[in-house]
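Remarks on the overall topology
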Amino acid sequence: VLLCAFLILLGLGVIAGWLWQVEPVKSVLPGMPTMKFNTALGFVLTGTGLWLAGVNHRLVRLLAATLGLALVALGVLTLAQYLLNVDISIDQAVVADTGTLRGSGHPGRMSLLTAFAWMLLGSAVILLAIASRRFEVIFAHCLAMLAGAVSILAAAGYAFGAQAFWGIGPYTAIAVHSAAGLLLAAAAALMTRAREGWLEP
């Protein structure tokens, strides 16, 4: 619950940073990639979805699954823009990002790695919300672990100065606090319904 609350607060804090243009909130390190508005929204969806997925009530879990579906859609639409080289205007629907910070080849668009991680975590939220069998919960935890691996890769890149780990070619790079937040999101997913998953022993 504490991790879910932290994820929600992280997302809301960065959203507020975009609305009121508070640069240190958007980018922890000067001159480095910013956490995009949609990424921050993803943290709110993830934290809320995981929180509700752990509640033993059918309607609440259906709401959690809906939030997970929204998270998957956010990731899929972003990846589609990269892969098909199109702009469907979801990146700057609420706030405009005209910055040219390091690693921001597509202003307003979350990184390729973040979008992939949201697809994994969104799928995990859906499964954790609707799973009725243990192997489904275990599969959801495996998806969360893959998302965690993405964040560890990005964090290692920052730690050792290997930009290839947090930025892929011309694509928008992952922000340092996005990488840290994704690791916490993966941990929160692993702790959701943990007694039914592979962590139970």
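Everything numeric here is computed off the predicted structure, so don't read it as measured data.

Reading guide: rules and limits
- Residues numbered from 1 in each chain as written.
- Predicted model: local features only at pLDDT ≥ 70, side-chain atom pairs only at ≥ 80, totals over all residues.
- Heavy atoms only, no water.
- Helix = DSSP H or I, 4+ residues; strand = E, 2+ residues; numbered from the N terminus.
- Axes fitted to C-alpha atoms, helices over the stretch in contact; angles between N-to-C directions.
- Parallel < 35°, antiparallel > 145°, perpendicular 65-115°, else oblique.
- Left-handed = near helix turned anticlockwise from the far one by under 90°.
- Contact = heavy atoms within 4.5 Å.
- Nonpolar A, V, L, I, M, F, W, Y, C, P; charged D, E, K, R; others polar.
- Salt bridge = Lys/Arg side-chain N within 4 Å of Asp/Glu carboxyl O.
- Buried < 20%, exposed > 50% of the residue type's maximum accessible area, 1.4 Å probe, protein only.

What follows concerns unusual backbone geometry. Look at Gln21: it is not a glycine, yet its phi comes out positive at around 55 degrees. Within the fold, Gln21 resides in the loop between helix 1 (2-19) and helix 2 (23-26). A positive phi angle is found at Ser89, which is not glycine, with a value near 65 degrees. With respect to the element layout, Ser89 can be found in the loop between helix 4 (58-84) and helix 5 (112-130).

Relative orientation of the contacting elements helix 5 and helix 8 (residues 176-191) amounts to 15 degrees, with a least axis distance of 11 Å. Here helix 5 lies roughly parallel to helix 8, going by the angle between them. In this structure, the crossing between helix 5 and helix 8 has a hand that is left-handed. Facing helix 5, whose interface residues are Thr114, Ala117, Trp118, Leu121 and Leu128, helix 8 presents Leu182, Ala185, Ala186 and Ala189. Of the residues that constitute the contact of helix 5 with helix 8, the class distribution is eight nonpolar, one polar and no charged.

So, about the pattern of salt bridges. Tallied over the entire structure, the rule returns four salt bridges. Of the charged contacts, one joins Lys26 and Glu23 as a salt bridge, the two residues approaching to 2.9 Å between their closest N and O atoms. Note that Lys26 and Glu23 are positioned in helix 2 at a spacing of three residues, about one turn of the helix. Arg133 is the salt-bridge partner of Glu136, the closest N and O atoms lying 3.2 Å from each other. Of the residues examined, Glu136 reaches a relative accessible area of 16% and is grouped as buried.

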